[in-house]
Amino acid sequence: MSTSVSAAERVRALRAEIEEHDYRYYVLDAPQIPDAEYDRLFRELQALEAAHPELASPDSPTRRVGGKVLDAFAPVRHAVPMLSIRTETDTEASGAFAFDARVRRELKLGDGAPPVEYAAELKFDGLAISLRYEDGRLVRAATRGDGETGEDVTENVRTVAQIPARLRLQEGRAAPPVLEVRGEIYMRRADFERFNARALAAGEKPMVNPRNGAAGSIRQLDSKIAASRPLSFFAYGLGEVVGWPLPETHGATLDALAAFGVPVCAERAVVKGPQALADFHRRMGERRAGLPFDIDGVVYKVNSRALQEQLGFVTREPRWAVAHKYPAEEALTRLLGIEVQVGRTGAITPVARLAPVFVGGVTVTNATLHNADEVERKGGLCIGDTVIVRRAGDVIPQIVGVVAERRPADARPFVMPTACPVCGAHVVREEGEAVTRCSGGFSCSAQRIQAILHFAGRRMMDIEGLGERYVERLVEFEYVHGVADLYRLTLDDLLEMKRRADERDGTVPETVKAGQIATRWAENLLAGIAASKSPKLSRLLFALGIRHVGESTAKTLADWLGRFDWVRRAPAPLLAVLPDIGATVAAAIADFFAEARNASAVDALFAAGVAPADEHAPHPGLAERLAWSELYAALGIPKLTPVRARQLAAVADGERLADGLPADHELPAEVAEAVLAWLAATGNGSALRRLASLRGEILAALPAADIATAVPRSAVAGKTLVLTGTLPTLAREAAKEMIEAAGGKVAGSVSKKTDYVVAGADAGSKLDKAQALGVAVIDEAQLLALLQLDNEGETP
DNA sequence: TATCCTCGAGTTCA
DNA sequence: CTCGAGGATA
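Right, let's walk through the structure included here. (Residues numbered from 1 in each chain as written. Chains lettered and ligands numbered in written order. Predicted model: local features only at pLDDT ≥ 70, side-chain atom pairs only at ≥ 80, totals over all residues. Heavy atoms only, no water.)

1. Some words on the sheet that holds strand β4 (residues 127-134)
Then, in step 1: One open sheet accounts for 4 strands, arranged β5-β4-β7-β8; its pairing is antiparallel. Every other strand in the sheet has two partners, leaving β5 (137-143) and β8 (232-242) as the edge strands with one partner each. Between one strand axis and the next, the sheet turns by 25 degrees as a mean value, whatever way the strands run.
Then, in step 2: Bridging between β4 and strand β7 (residues 178-186) involves 8 bridges; their strand directions are antiparallel. By the bridge assignment, Leu 131 is partnered in β7 with Val 181.
Then, in step 3: Of the strands in this sheet, β4, β5 and β7 are in contact with helix α6 (residues 210-218), which crosses β4 at around 45 degrees. (Pairing = 2+ DSSP bridges. Helix = DSSP H or I, 4+ residues; strand = E, 2+ residues; numbered from the N terminus. Axes fitted to C-alpha atoms, helices over the stretch in contact; angles between N-to-C directions. Contact = heavy atoms within 4.5 Å.)

Structure representation (structure tokens):
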């Protein structure tokens, strides 16, 4: 070893001194030496480490400048899972009382028992992180991930000045062999603003909000970038601990962490009973805006570790802690105008244009108003009004109401237009319906554009490269009138269209390069269109945009009838016997195909080479549903109740009935009269014959054996699941497909009938609802286990 | 007939 | 995510 003893010693001394200054500066916020002096020490250490590479150490303060660039973050399995915390949905102070009541009930404390002691702290709006210290040295930092496995972000976390690379130890005390500190990396508001001011001045992209800034910084692969971001940290708990006696209470644990030199927020309290918690909630709510960092609520924890252990966990959430959030942030802004949009179905939707306002972490400029009733309900919004805006469920902007006293004298009330703003056709509002619709149909270009966009959408035909911009142009320049025209587009068409569009917009010079890019774009789009020619039947049905036929109904049609042709030819009564399809939806489907323009559009589509790839035999259960008694009940004959329909079916099948009511029927006279009247009405007789003939055709194609018995059934078969949050490895769509392939159902909202809620990261209100209803909550791993599990085994 | 539940449709912003 | 409306159910 050529390293001189003095160099090694000097390095050690410098590190100790710098660490001490770091602690005083970053954690205690009370620097003891001038910045220039600190910089001198820091540079001396850098120089020594450079001259003696063998003295480098991962926990040297010099590591804070970053340097390593990674390809990806390695997964890290948490020794103790990182918990999520239940959110008290009640935003009022009663949330604290509800929590206390649950705790007392679980602990079987009577009314006479003394109040429970709680630790109350802030819920920081940042990024949860686990810091692993071994023998006092920071060896690993990991994100929460799914709670079981996170990402190794050690390099980036080392650049956070507030996080000590080594724990401070009291004189003569040894460091714990293993101490995992759990906490939140966040960005102070002032740091965030300073950073953004500089970024803007440098022409760089600013961060959206402190939370995104913190999360984005930690997820940088280049630790130099992370080092340039002003991040802070607060500890709030522990993970794995080995060889260190745990304090008796949560409050004492945080005190101990603070003594180790780890930043702990001073805004915390140990209190007794729910009223004190509610007071803390209210007090912090009042001070919220004045805090140097963002919080989205407060957290209550049972203080005693012994009681925590007694309370235990439900799935992955401790029963001894809750987050009590504040109501969504609201802001005031001016209503600059109300525009109306025309949707695919012709629905005219008023949308509020707002003076940009920063609320809930983003700048909001638009908010839907849904329909005329809604505008009325918000207090008869007028252009020029001052309105209250919030982000509902933290996502969709919502207008809460109007500040009546601030209405200017020249405020103009909003009135629903009487003519479509796009095509000029008159608008209609059906009796009892909330939506106003453009009557233009096909002749309304807005509806055509939206219909084509819907057709091309990801869950429908999934045509890549066909976005709003191009659809608008294709329709505007009349290259495309209906969806079938997409399949006739040529390279020349697209290039010509682009040229005309560019010319009109007066953009894009005619260079050789631009031409090449245009050709590339057109080729990609044509490839995307061509690739969509063999969709699944359900997707094709969904893509057509039939009213009331969404993803789920399209799937029902495809599953039960199996062939496009049968869906197309099916009269309404036949459709109405399918599950979840009633008279309205059945009529909408039959009407769609009866309409000449739709029929020819469908023909054109098939002529262009589009064909469903997965047509199959009808559903085995269809025979039962196609019983004449069911069909008769669905015919809509007045007075023919389901009971009478069964009576009628006993004596006559459809074909016979079309010839006339048999003499041996036992129907009451007035019912028989109604049936005869119905048969006599124009077209009904022949419609019945067509129904009978199609019915025969479908039944003849029914598979002989019951397929259901042959297919192994997984534990999710027949179960209803709801997905919420972001799953660690599975995309939402992939999870859905797996569940459906196993015979399960994926619903959009949680109810009593839900069997499982599959919760991922950042699960929202659905998780709360599941807990409120006592629905089982599982994670991705448990879902996968369920999918594998045979139905005969017990569900976990 | 009333009630509960699920589905469809429309929408925001980065 | 929210709303309204349609379907199933008691």
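2. Looking at the packing of aromatic side chains
Then, in step 1: Scanning the entire structure with this criterion turns up 16 aromatic pairs.
Then, in step 2: Here the aromatic rings of Trp 628 and Tyr 632 are separated by 5.5 Å at their centres, their planes lie at 35 degrees, and the arrangement is tilted. Within this pair, Trp 628 and its partner Tyr 632 are both found in helix α23 (residues 628-634), separated by 4 residues, close to a single helical turn.
Then, in step 3: Taking the relative accessible area as the measure of exposure, Trp 628 reaches 10% and is therefore buried.
Then, in step 4: The exposure class of Tyr 632 is buried, given its relative accessible area of 0%.
Then, in step 5: Site record: aromatic cluster; members linked through ring pairs are Phe 124, Tyr 186, Phe 234 and Phe 293.
Then, in step 6: Across the ring face of Tyr 23, the terminal group of Arg 168 is positioned such that the distance to the ring centre comes to 4.0 Å.
Then, in step 7: Across from the ring centre of Trp 566, 4.2 Å away, lies the NZ or CZ of Arg 563, which sits over that ring. (Phe/Tyr/Trp six-rings, centres within 6.5 Å; stacked < 30°, edge-to-face > 60°. Buried < 20%, exposed > 50% of the residue type's maximum accessible area, 1.4 Å probe, protein only. Lys NZ or Arg CZ within 6 Å of the ring centre and 35° of its normal.)

3. Some points on the protein's contact with DNA strand C
Then, in step 1: Taken together, the neighbourhood of DNA strand C is formed by 15 residues, with Glu 433, Ala 434, Asp 580, Gly 582 and Val 585 sitting nearest.
Then, in step 2: The protein-proximal atoms of DNA strand C, defined as those within 4 Å of the protein, are 100% sugar or phosphate.
Then, in step 3: Here a phosphate oxygen of DNA strand C sits 2.6 Å away from a polar atom, N or O, in the main chain of Asp 580.
Then, in step 4: Of all the elements in the fold, those that place two or more residues in the surface near DNA strand C are α20 (583-594) and α30 (765-773). (Near = heavy atom within 4 Å. Polar contact = N/O pair within 3.5 Å; in protein donor to acceptor, adjacent residues only side chain to side chain.)

4. Here we look at the pairing of strand β10 (residues 295-302)
Then, in step 1: Judged by how many residues are buried, β10 sits mostly within the fold: 8 of 8 residues are covered.
Then, in step 2: Relative to β10, strand β3 (residues 117-124) is paired through 7 bridges, and the arrangement is antiparallel. In the strand pairing of β10, Ala 120 is matched with Tyr 300.
Then, in step 3: Bridging between β10 and strand β13 (residues 321-325) involves 5 bridges; their strand directions are antiparallel.

5. Side note on helix α8 (residues 250-259)
Then, in step 1: Of all the positions in α8, only His 250, Gly 251, Thr 253, Leu 254, Ala 256 and Leu 257 are classed as buried.
Then, in step 2: Considering only its buried residues, α8 is in contact with β3, β7, β8, β9 (269-272), β10 and α10 (305-311).
Then, in step 3: Remark: Gly 261 follows α8 within two positions and exhibits a positive phi of approximately 90 degrees.

6. Comments concerning the packing of helix α3 (residues 94-106) against helix α9 (residues 273-287)
Then, in step 1: Two numbers describe how α3 lies on α9: the axes approach to 8 Å, and their chain directions differ by 145 degrees. When the axes of α3 and α9 are compared, the crossing they make is right-handed. Taking contact as the criterion, the partners of Ala 96, Phe 97, Phe 99 and Asp 100 in α3 are, on α9, Pro 274, Gln 275, Leu 277 and Ala 278.
Then, in step 2: Among the residues forming the contact of α3 with α9, the class breakdown is 6 nonpolar, 1 polar and 1 charged. (Left-handed = near helix turned anticlockwise from the far one by under 90°. Nonpolar A, V, L, I, M, F, W, Y, C, P; charged D, E, K, R; others polar.)

7. Points about the packing of helix α12 (residues 445-456) against helix α13 (residues 468-476)
The relative placement of two packed helices comes down to the angle between their axes together with the axis-to-axis distance.
Then, in step 1: At a closest axis distance of 10 Å, the pairing of α12 and α13 adopts a crossing angle of 135 degrees. Relative to α13, the element α12 lies oblique. Of the two elements, α12 crosses α13, and the hand of that crossing is right-handed. Along the contact surface, α12 presents Ser 445, Arg 448, Ile 449, Ile 452 and Leu 453, while α13 presents Glu 468, Val 471, Glu 472 and Val 475.
Then, in step 2: Classifying every residue of the contact of α12 with α13 gives 5 nonpolar, 1 polar and 3 charged. (Parallel < 35°, antiparallel > 145°, perpendicular 65-115°, else oblique.)

8. Quick look at α13
Then, in step 1: Of the residues making up α13, those classed as buried are Tyr 470, Val 471, Arg 473, Leu 474 and Val 475.
Then, in step 2: Residue Glu 478 follows α13 closely and has a positive phi angle near 60 degrees.

9. So, the pattern of salt bridges
Then, in step 1: This model, assessed by the stated rule, comprises 38 salt bridges.
Then, in step 2: Arg 390 is the salt-bridge partner of Glu 330, the closest N and O atoms lying 3.2 Å from each other. Taken together, the positions of Glu 330 in strand β14 (residues 330-342) and Arg 390 in strand β18 (residues 386-392) put the pair 60 residues apart, joining distant regions of the chain.
Then, in step 3: Residue Asp 373 pairs with Arg 429 through a salt bridge whose shortest N-O separation is 3.0 Å. With Asp 373 in helix α11 (residues 372-377) and Arg 429 in the loop between β21 (427-428) and β22 (436-438), the pair connects residues that are 56 residues apart, well separated along the chain.
Then, in step 4: Taking the relative accessible area as the measure of exposure, Asp 373 reaches 30% and is therefore partly exposed.
Then, in step 5: Here Arg 429 falls in the partly exposed class, since its relative accessible area comes to 40%.
Then, in step 6: A single salt-bridge network, built from bridges that share partners, covers Arg 132, Glu 134, Glu 180, Arg 182 and Glu 240. (Salt bridge = Lys/Arg side-chain N within 4 Å of Asp/Glu carboxyl O.)

10. Remarks on the protein's contact with DNA strand B
Then, in step 1: Around DNA strand B, the surrounding shell holds 25 residues, and the nearest of these are Gln 341, Thr 345, Thr 553, Ser 751 and Lys 752.
Then, in step 2: In DNA strand B, atoms within 4 Å of the protein come 95% from sugar and phosphate.
Then, in step 3: The separation between a phosphate oxygen of DNA strand B and a polar main-chain atom of Asn 366 is 3.0 Å.
Then, in step 4: Thr 553 has a polar side-chain atom sitting 2.3 Å from a phosphate oxygen of DNA strand B.
Then, in step 5: When contributions to the surface near DNA strand B are tallied by element, the ones reaching two or more residues are β15 (347-359), β16 (362-368), β19 (396-402) and α17 (551-561).
Then, in step 6: Here the surface near DNA strand B is built from residues that sort into 8 nonpolar, 11 polar and 6 charged.

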